[in-house]
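Given next are the chains, with one letter for each unit.
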Amino acid sequence: MTGHRPQMRRAVRRLVAGALAAVAVSASPPVSAPVAGETVPDVIRALNEIRQERGLRGLTRDPEVTKAAAHHVADMAEQGYVGVRAPDGTDAGAWLRRAGVRTPEFSAVAVSGLPDHIDVPTALLRAPAMADLLLAPGDLRIGVARHEQMFRLADGRLTSEAWSVIAARPDPPAIVDAVPELLREINRSRARRGAGPVRLNPRLSQAAAMQADDMTAYGYVGHGRPGGPRLIDRIETAGYAFSRVAENAAAGQESPLAAVEAWESSPAHARTLYAEEFDEVGLAYRKGPIPDGALSMPHVWVAVFGAR
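Quick summary incoming for the structure in this document.

Thresholds, definitions, all that
- Residues numbered from 1 in each chain as written.
- Predicted model: local features only at pLDDT ≥ 70, side-chain atom pairs only at ≥ 80, totals over all residues.
- Heavy atoms only, no water.
- Helix = DSSP H or I, 4+ residues; strand = E, 2+ residues; numbered from the N terminus.
- Polar contact = N/O pair within 3.5 Å; in protein donor to acceptor, adjacent residues only side chain to side chain.
- Contact = heavy atoms within 4.5 Å.
- Core = buried A, V, L, I, M, F, W, Y, C linked by side-chain atoms within 4.5 Å.
- Buried < 20%, exposed > 50% of the residue type's maximum accessible area, 1.4 Å probe, protein only.
- Pairing = 2+ DSSP bridges.
- Phe/Tyr/Trp six-rings, centres within 6.5 Å; stacked < 30°, edge-to-face > 60°.
- Lys NZ or Arg CZ within 6 Å of the ring centre and 35° of its normal.

## Concerning the side chain of D62
Looking at where D62 falls in the secondary structure, it is placed in the loop between β3 (60–61) and α2 (63–79). A distance of 3.1 Å separates polar atoms of two side chains, one belonging to D62 and the other to R141. With residues near it in sequence (within four places) discarded, D62 still touches R141 and I142.

## Points about the nonpolar core
Ranked by internal contacts, the top residues of the largest apolar core, which has 25 residues, are V65, A68, M76, V82, L96, F106 and I166. In terms of residues, this core owes the most to one element, α2, which gives five residues. In contact with I166, not counting residues within four places along its chain, are V65, A68, A69, L96, S107, A108, R141, I142 and G143.

## Focus: the pairing of strand β4 (residues 105–112)
Taking burial as the measure, the eight residues of β4 include eight buried ones, the bulk of the element. Alternating positions in β4 separate into two faces, E105, S107, V109 and V111 on one and F106, A108, A110 and S112 on the other, with burial throughout. Relative to strand β8 (residues 162–168), β4 runs antiparallel, the two being bridged by seven bridges. Opposite A110, over in β8, you have S164 as the bridge partner.

## Concerning the environment of V302
With respect to the element layout, V302 can be found in strand β14 (residues 300–307). Ignoring sequence-local partners within four residues, the contact set of V302 consists of A208, Q211, A212, M215, E247, N248, A249, G282, L283 and A284.

## As for the packing of aromatic side chains
Tallying each qualifying case throughout the model produces two aromatic pairs. Ring geometry for Y285 versus W301: centroids 4.8 Å apart, planes at 45°, classification tilted. Residue Y285 is found in strand β11 (residues 280–286), and its partner W301 is found in strand β14; the two are separated by 16 residues along the sequence. The exposure class of Y285 is buried, given its relative accessible area of 11%. Stacked on the ring of Y218, the Lys or Arg R225 has its end atom at 3.5 Å from the ring centre.

## Some remarks on unusual backbone geometry
Generally, phi is negative for residues other than glycine and the peptide bonds are trans, each holding for most cases. Following G288, the chain continues to P289 via a peptide bond in cis, the omega torsion being 5°. As for its position among the elements, P289 is in the loop between β11 and β12 (290–292). Of note, the phi angle at D177 is positive, near 55°, even though the residue is not glycine. Tracing the backbone through its elements, the reader meets D177 in the loop between β8 and α6 (178–192).

Below, the structure written as structure tokens:
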């Protein structure tokens, strides 16, 4: 169209799962789509070349994430928008859930109307949240979908072909030696506050394991669920004679250190962590994951502190 200024849109969203830490959401208003003839394989190939130049493993084109991207791009054409959130409130997390994807972290970008000198990979790397994920080490699943025809936006304007790109991390493997390392991090944290060390108690560890199993089985982070065993019930079942007990729980932290740092950052959890009257602790770790919408929290941590 002569005299028509190309529309440029890019919308980005990134989510990271973790209990006791805020879910991170980065968003920018819409900007940007493709050089003529650019294909989905072209985009993935270019991104892999960029990663390989940095010594990173190649992207895995995942059928489920690709399905989510296809749902997204079809929805943009049907409802007449370019972005990661539809006018009806549906977002990339919903498309991932519908495709059966659970991930601890993802980023989604919608792209349309790029000028000729900018290709889709370049546009992706100009989106900070997506660039952080694409250029980070580790495995990464990607889905790329393209709507190849112009469509009309809700405001009546026409836009060129649109793209959806979704990158998602796979669930990580279980952490080796998680419990011994968690004990070390707890005692290091207590030492920094002048509190004495706690020693591992098998009965308290039984109570902690019951809670970690319950959280994993029923998909929550906390100290009990309606109708489920309370802390006092678990302590009595484990046969621990006590004068005082308290419990910290967390999920989504990638290491024992991160779990302890999450407890340190929460005043209520820190009071338990640093309480000088506690000299014993029971610990449990489960790989999980605990689902949280499209996100998953892949590591579950429970510490039950006790004093006789």
